[in-house]
Amino acid sequence: MARLTLRSGNERTPMALICIDQSNAFNTCRRDHILEGLKEGLPGLCRFFTLFHSFSSELRSGTGELLGYSHTGVHQGDPLGGTYHNMGFQPTLVELDERIRTLVKHASPTDREPPCAVFAIHDDSYVALPPRLANEGVRIINALFEERGIQLNVSKCKIISDQDIPNAAYTLVRDGQVVLGTPIGFGEYEKDTTIASLNKKLEPLPALLTINPHVATRLMERCVNQRVQYMSRTAEFEGSRIIFRDHFDVHIDRFLAAILGENPPPDPPPLSLPPSLPPNPPPLSLPPPPSPPASPPAPHRTR
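For clarity, every value in this text was computed on a predicted model and none was experimentally measured.

1. A word on the sheet that holds strand 6 (residues 158-160)
1) Next: If you trace the five strands from one edge of the open sheet to the other, you get 4-5-1-6-7, paired in mixed fashion. Strands with a single pairing partner mark the edges of an open sheet, and in this sheet they are strand 4 (117-121) and strand 7 (171-173). Direction aside, neighbouring strands of the sheet carry axes that sit 20° apart on average.
2) Next: Contacts from helix 5 (residues 81-107) reach strand 1 (16-21), strand 4 and strand 5 (124-129), with the element oriented near 160° to strand 4.

2. Structural notes on the packing of helix 3 (residues 31-41) against helix 5
1) Next: Between helix 3 and helix 5, whose axes approach to 7 Å, the crossing angle comes to 90°. Taken as axis vectors, helix 3 and helix 5 run roughly perpendicular relative to one another. Counted together, His33, Ile34, Gly37, Leu38 and Gly41 of helix 3 and Tyr84, Met87 and Gly88 of helix 5 form the full contact between these two elements.
2) Next: Its residues assigned to classes, the contact of helix 3 with helix 5 comprises four nonpolar, four polar and no charged.

3. Thoughts on the nonpolar core
1) Next: Residues Ile18, Leu96 and Val127 are the most contacted members of the largest nonpolar core, which totals 25 residues.
2) Next: Listed by contribution, the elements that provide at least two residues to this core are strand 1, helix 5, strand 5 and helix 6 (134-147).
3) Next: In this view, valine 127 contacts Ala16, Leu17, Ile18, Ile20, Leu96, Ile100, Ala117, Val118 and Ile141; residues no more than four positions away in its chain are not counted.
4) Next: Judged by nonpolar contacts, the second largest core, of 16 residues, contains Met231, Ala235, Phe244 and Phe248.

4. Topic: a nonpolar patch on the surface
1) Next: A cluster of nonpolar side chains, namely Ile211, Val215 and Leu219, defines an oily patch on the protein surface of about 210 Å² accessible area.
2) Next: Along the chain, the position of isoleucine 211 falls in the loop between helix 7 (189-202) and helix 8 (213-234).
3) Next: Judged by its relative accessible area of 34%, isoleucine 211 is partly exposed.

5. Quick notes on the side chain of threonine 194
1) Next: Secondary-structure assignment places threonine 194 in helix 7.
2) Next: Of note is the side chain of threonine 194, whose polar atom sits 2.7 Å from the backbone oxygen of glutamate 190.

6. Some words on the confidence of the model for the protein
1) Next: With 75% of its residues at a pLDDT of at least 70, the protein reaches an overall mean of 79.
2) Next: Taken element by element, the protein is modelled with least confidence in helix 1 (residues 2-7), mean pLDDT 65, and with most confidence in helix 6, mean pLDDT 94.
3) Next: Between residues 273-286, whose pLDDT stays under 50, and residues either more than four places distant or in other chains, the model counts eleven contacts.

Parameters and conventions
Residues numbered from 1 in each chain as written. Predicted model: local features only at pLDDT ≥ 70, side-chain atom pairs only at ≥ 80, totals over all residues. Heavy atoms only, no water. Pairing = 2+ DSSP bridges. Helix = DSSP H or I, 4+ residues; strand = E, 2+ residues; numbered from the N terminus. Axes fitted to C-alpha atoms, helices over the stretch in contact; angles between N-to-C directions. Contact = heavy atoms within 4.5 Å. Parallel < 35°, antiparallel > 145°, perpendicular 65-115°, else oblique. Nonpolar A, V, L, I, M, F, W, Y, C, P; charged D, E, K, R; others polar. Core = buried A, V, L, I, M, F, W, Y, C linked by side-chain atoms within 4.5 Å. Buried < 20%, exposed > 50% of the residue type's maximum accessible area, 1.4 Å probe, protein only. Patch = residues over 30% accessible without salt bridge, like charges linked within 9 Å, V, L, I, M, F, W, Y side chains within 5 Å. Areas by Shrake-Rupley, 256 points an atom, 1.4 Å probe, with all protein chains shown as cover. Salt bridge = Lys/Arg side-chain N within 4 Å of Asp/Glu carboxyl O. Polar contact = N/O pair within 3.5 Å; in protein donor to acceptor, adjacent residues only side chain to side chain. pLDDT = per-residue confidence, 0-100.

Here it is in structure tokens:
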């Protein structure tokens with residue numbers, strides 16, 4: 001979504017992405033906001049929420065000493081904690097979306113207003129709008145979050161844009177940033193960041209040769225490939241398929257073979273892409289299923 005919004009603009013109407021960082025979001029969200037959101041969207045969960053969150057929680061140290069009481073947020077370890085936070089934050093997102101769209105509409109000199117978007121995953125929130133409106137968008141964000149009692153970590157809030165934004169209200173990032181585990185940016189940023197991330201994930205592999213093979217294979221499955229599989233699905237820069245297929249996957253296969261008893265693999269060579277990359281093949285398509293055979297005619301019965 002972040003990449004799509006950045007690339008939805010053009011030379012005449014570029015786009016900027018405001019990355020909003022909340023401070024200790026799950027522990028500071030107001031419980032009355034959560035209950036309001038549940039009543040509106042998931043009323044069946046109101047009973048469970050009030051059952052466990054209608055009283056203050058004791059905060060104790062590792063030695064059992066009582067440090068204080070918590071009146072806000074969701075309980076750590078609650079399997080519905082993410083849902084509770086999302087429902088409490090949803091009205092804020094809806095209001096933010098309305099204010100941003102009003103800003104863009106009024107600032108557009110033509111009948112065709114520029115695109116804009118507001119979206120979030122848990123406490124990671126993003127606003128996409130034209131760069132010339134970024135500072136005004138930040139003003140709207142700060143005011144609304146203050147109204148709703150949501151604390152911002154301003155030092156970690158960013159504006160991603162390849163355009164110059166004078167006196168940027170948040171830190172201006174001109175090349176790109178990792179958004180939800182995926183490099184998002186301009187120029188060579190996405191490719192360079194992805195390659196650096198893959199090489200970093202290859203560094204611990206030799207240590208897997210020193211432990212039990214069963215444990216090593218489970219670690220490779222759970223701790224190595226999951227994030228890379230996600231990155232391989234979201235990467236769109238030229239040569240991404242070669243990087244994942246011929247660089248990362250080959251080295252993973254070599255170490256997996258070594259864990260299963262073969263000789264240790266040699267040091268992986270540095271990644272190098274050919275100067276001219278072939279175009280990505282078209283997506284696979286399955287042939288249409290064969291037509292079912294015609295039913296034989298029913299036998300003629302006579303008395």
